[in-house]
2 protein chains.
Amino acid sequence: MNESDDLRLRGRRRFLASAATVAVVAATAPVAATAHARASSASSETGSDSEPFFGTHQAGVATTPQTNVYFAAFDLIAEKRDDVIALLRAWTAASARLTQGQTADLLTNDPATPELDSYETTGLATDRLTLTFGFGPGMFTKDGKDRYGLAKHRPDALADLPRFNGDQLVPERTGGDLCIQACADNPQVAFHAVRQLTRIAYGAANIRWAQSGFMAAQKDKSTPRNLMGFKDGSMNVPIRAEAAMNQYIWAGDEGGWMQHGTYMVARPIRIALEHWDRMKLSFQQQVMGREKHSGAPLGQKHENDSLALDANDANGNPIIPENAHVRLGAPENNDGAQILRRSYSYDNGLSYIAERWPPWHQGMEFDAGLLFISYQRDPRTGFVKIFDKMSKFDMMNQFVTHVGGGVFACPPGAKEGGFIGQPLFDLA
Amino acid sequence: MNESDDLRLRGRRRFLASAATVAVVAATAPVAATAHARASSASSETGSDSEPFFGTHQAGVATTPQTNVYFAAFDLIAEKRDDVIALLRAWTAASARLTQGQTADLLTNDPATPELDSYETTGLATDRLTLTFGFGPGMFTKDGKDRYGLAKHRPDALADLPRFNGDQLVPERTGGDLCIQACADNPQVAFHAVRQLTRIAYGAANIRWAQSGFMAAQKDKSTPRNLMGFKDGSMNVPIRAEAAMNQYIWAGDEGGWMQHGTYMVARPIRIALEHWDRMKLSFQQQVMGREKHSGAPLGQKHENDSLALDANDANGNPIIPENAHVRLGAPENNDGAQILRRSYSYDNGLSYIAERWPPWHQGMEFDAGLLFISYQRDPRTGFVKIFDKMSKFDMMNQFVTHVGGGVFACPPGAKEGGFIGQPLFDLA
């Protein structure tokens, strides 16, 4: 055993010891006991700004979108199936606490004990924190190896994404055996949660890529605008409509252990803001197929009016262009496919860019765009179906580039006393 | 003239034409006219969520800190003094509009006209947007050249920062001839403002580096916590205390054209969160010299209790260690120096790190920390005085690295009808 292996093993042992502690703590101190809740978190005690963690479905999907996300993907380095289970148990226990405004672990009054929380949320509201977990293909098979004896249970719906036209995926922002979508109405609350969960995973999983994002709530609660200035999320699957959610988003009987779960496709999409900002309003609207200010489909009056896909102008040309974004994404053109979009704008400062078109600008440009997050019952008939055509024909492709992402099976919600993904691990 | 020069020149001509348009618009359409204000921005019309732009001092210094910042530094590429003036006039006109909840420029109803705003703040509140401008050393002399005839007016206080012990400044996050600190209670509002101002500057200034940040307001309005989990900003210069602000922050008679202005030192400081999180609470408190939860100085009870620098424990050792952060920064140890700190936490996802100490971890770690922003009457007797000692002895240096930054002269506030920095350009 070389030194590096030794360190890794010690890391794993530390993790297992710590996971055991968490498990004991979880067993002896029910989450409902709020003696150790954040001192001033009165509203979380009344539940007014906290979302339940346990339930039929995971929270963070049919949850009214919060203003902030911190998304993180992880590589599993655990060697054994039991280590993965220990991680998921520890994550579940910590998540149950964090989402109720508590610290990741029980506080200690002994100043000599290593910290069990980093405490930057002390004194903050819970801010509707949700933690949504997903399993990537690497949970089932990695480099051809069935590391945890789970390969036979890999859902068909968790198919590797094809390479789409125009994909520019960088490995440092792509993939992951596990993911966490942390959403809250406060960036510090979302980041805090992922930071604690990352620490809890030491020795079992390494954080691989991460992206934070924001969504500015409209004052009138209408559909928010993304950095292109357009409303983003019009004609979304309505999260309160159980029938539609069951039809399009939640896995049904066909899902086996995934029943009541859902599949996430996440993609950071860089937007060439400087290029977009040089376009005329009329052209931007043709690209989108919608009015910028009202959000109405071209030729219509209101955001929620249906797309008049067959309407032509006086010259006989379609009012919504053939290659407009909304036309290509419309259910009518995708065998009825619908996905739940839950995207956030992101801003990573600047990076050096050499533009490929006039004015051939080279220099620092905004490294910003959209962290596209979608949920669906089956990506093959959801995102893949819709985006295959879009990736080839969407006029918007002149302005956007998919730079990373992943596909994840998000298991059903955990039961109290159980853990995220337990139905999978309960299988032989 | 080669093609690249030609493009640059055309860029500059475009800028001058657009700046002229803005100037005319500003002259004929007083900012108070709100006919084109954001449609639903009722609260900005009553002024309840907007900060005045014009005044004796620039806003964003003595303003109650907003929850978000977007900081950007620019390189001037303008060839002539008049081009710099045109830029500052255009920025002033746009800032006066943006801070009152209006679009960067007047809206047009002609869909064929290129967009004058990107509109992603349509329907949002003004969120107390402030825009604070600073002039870096390069405004006065760049590569030994007095580009704009301003070299003789460079304030002594705008001295280049020395190289401090431990500095790891990367050029892509350092310097700038101009800077903008955009603060608002909404990240989209702050970013939107810088995006419009960056576009207005095309041909006159290129954006060089940028960093966004957040500050989570405590529910009880007490001092917020940064990512180390400690309160950040205790014992700050009180922004409502005119005498203290005049003594420590605002340039006085000695300032000449800078009178009523202030000097900003900004530094993105990476925090090794994974390393910090492995430290015991007791050690973290020794490093800081304060209690983590209450914020009280060690040996005291309350956050605002004075530092008992002479108090010893039973063994005769100082209760606040000799190399604790608060001791080294205390006015008592820096000839009475005080600066106004207005810092934000930042999160840039992950980057690859090779740690220099146990457990010698190499891999992806959080690229996060503090965008330290400070204001002072003279950096030589402010930040430089305080940080020189800190950079050598502060125990916190094990966990933090200064990775960029700059020093900027922030002129007094603009007068209505005038522009930011006008007192400098009015000099011969």
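Residues numbered from 1 in each chain as written. Chains lettered and ligands numbered in written order. Predicted model: local features only at pLDDT ≥ 70, side-chain atom pairs only at ≥ 80, totals over all residues.

> How would you summarise the overall build of chain A if you had to cite specific residues and measurements?
Regarding its fold elements, chain A presents ten helices and ten strands. Taken over 428 residues, chain A has a buried fraction of 53%. Considering only intrachain contacts with a sequence separation of at least 6, the fraction spanning at least 24 residues in chain A is 77%. (Helix = DSSP H or I, 4+ residues; strand = E, 2+ residues; numbered from the N terminus. Buried ≥ 20, exposed ≤ 12 C-beta atoms within 10 Å, placed from the backbone. Contact = placed C-beta atoms within 7 Å.)

> Residues and numbers for the environment of Arg199(B), please.
Of note, Arg199(B) is situated in helix H4 (residues 187-200). Considered as a pair, Arg199(B) and Leu116(B) are 83 residues apart in the sequence and their alpha carbons are 9.5 Å apart.

> Account for the nonpolar core, with residues named and values stated.
Across soluble globular proteins, nonpolar side chains have a tendency to be buried as a group. Formed by 223 residues in total, the largest nonpolar core has its most connected members in Ala182(A), Ala190(A), Ala182(B) and Ala190(B). Beyond its immediate stretch of four places on either side in the chain, Ala190(B) contacts Asn68(B), Val69(B), Tyr70(B), Leu129(B), Ala182(B), Cys183(B) and Ala184(B). (Core = buried A, V, L, I, M, F, W, Y, C linked by C-beta atoms within 7 Å.)

> Account for the pairing of strand S10 (residues 406-410) of chain A, naming residues and giving values.
Residues and elements named next belong to chain A. Within S10, five of the five residues are buried, leaving the element largely enclosed by the surrounding structure. Because side chains alternate across S10, one face comprises the buried residues Gly406, Phe408 and Cys410, and the other comprises Val407 and Ala409, equally buried. In the sheet, strand S5 (residues 262-271) pairs with S10 via five bridges, with the strands oriented antiparallel. Each bridged residue has a counterpart across the sheet, and for valine 265 the counterpart in S10 is valine 407. (Pairing = 2+ DSSP bridges.)

> Residue-level account of the interface of chain A and chain B, with values.
With 54 residues of chain A in contact, the opposing surface of chain B contributes 53 residues. Residue contributions to the side of chain A that touches chain B peak at eight residues, all from strand S4 (residues 205-214) of chain A. Counted by class, the side of chain A that touches chain B contains 21 nonpolar, 20 polar and 13 charged residues. (Nonpolar A, V, L, I, M, F, W, Y, C, P; charged D, E, K, R; others polar.)

> With reference to specific residues and values, describe the relation of the copies chain A and chain B.
Mapping one chain copy onto the other needs a rotation about an axis and a shift along that axis. When chain A is fitted to chain B, the residual RMSD is 0.0 Å, and the transformation amounts to a turn of 180° plus an axial shift of 0.0 Å. The superposition operator between the copies reduces to a two-fold rotation axis. When C-alpha positions in chain A are compared against the rotation axis, the closest is assigned to Asn348(A), at 3.0 Å. Comparing contact sets, 98% of the residues at the interface of chain A also lie at the interface in chain B, consistent with an isologous, same-surface contact. (Least-squares fit on C-alpha atoms with pLDDT ≥ 70 in both.)

> Tell me about the environment of Gly166(B), and please be specific about residues and values.
Residues and elements named next belong to chain B. Along the polypeptide, glycine 166 turns up in the loop between strand S2 (130-135) and strand S3 (178-184). A tally of 13 C-beta atoms within 10 Å means that glycine 166 is categorised as partly exposed. Measuring from C-alpha to C-alpha, the distance between glycine 166 and histidine 402 comes to 7.5 Å, with 236 residues separating the pair along the chain. Glycine 166 has contacts with Ser391, Asn397, Thr401 and His402, leaving out every residue within four places of it along the chain.

> Outline unusual backbone geometry, supporting the account with residue identities and numerical values.
Here Asp335(A), not a glycine, exhibits a phi torsion of approximately 55°, which is positive. Turning to its location among the elements, Asp335(A) is positioned in the loop between helix H8 (325-329) and strand S6 (340-341). In the Ramachandran plot, Asp143(B) falls in the positive-phi region, its phi being about 50° despite a non-glycine side chain. Mapped onto the secondary structure, Asp143(B) falls in the loop between S2 and S3.

> Lay out helix H3 (residues 81-98) of chain B with the relevant residues and their values.
If you check H3(B), its first and last C-alpha atoms are 25 Å apart, about what 18 residues at 1.5 Å a residue would give, namely 26 Å. Of all 18 residues that make up H3(B), 15 are buried, and the element is covered over most of its length. (Expected span 1.5 Å × (residues − 1).)

> I'd like a rundown of helix H4 (residues 187-200) of chain A, residues and numbers included.
Counted at 1.5 Å a residue, the expected span for H4(A) with its 14 residues is 20 Å, and the 20 Å between its end C-alpha atoms agrees. In terms of burial, H4(A) is a largely internal element, 14 of the 14 residues being buried.

> Just give me the short version of the confidence of the model for chain A, but keep the residues and values in it.
All names here are of chain A. In the predicted model, chain A carries a mean pLDDT of 89, and the fraction of residues at 70 or more is 86%. Confidence over residues 1-47 falls short of pLDDT 50; this stretch has 62 contacts with residues more than four positions distant or in other chains. Across the whole predicted complex the pTM is 0.90, and at the interface the ipTM reaches 0.90. (pLDDT = per-residue confidence, 0-100.)

> Describe the packing of H3(B) against H4(B), with residues and values.
All names here are of chain B. Where H3 contacts H4, the two axes come as close as 10 Å, and the packing angle between them is 155°. As far as their axial angle goes, H4 and H3 are roughly antiparallel. In this structure, the crossing between H3 and H4 has a hand that is right-handed. Contacts between H3 and H4 involve Ala90, Trp91, Ala94 and Leu98 on the former and, on the latter, Ala193, Gln196, Leu197 and Ile200. (Axes fitted to C-alpha atoms, helices over the stretch in contact; angles between N-to-C directions. Parallel < 35°, antiparallel > 145°, perpendicular 65-115°, else oblique. Left-handed = near helix turned anticlockwise from the far one by under 90°.)

> Explain the environment of Ala151(B) to me, using residue names and the numbers behind them.
Residues and elements named next belong to chain B. Mapped onto the secondary structure, alanine 151 falls in the loop between S2 and S3. A C-alpha to C-alpha distance of 29 Å links alanine 151 and asparagine 165, two positions 14 residues apart in sequence. Beyond its immediate chain neighbours, meaning those up to four positions away, alanine 151 contacts Phe140, Thr141 and Asp146.

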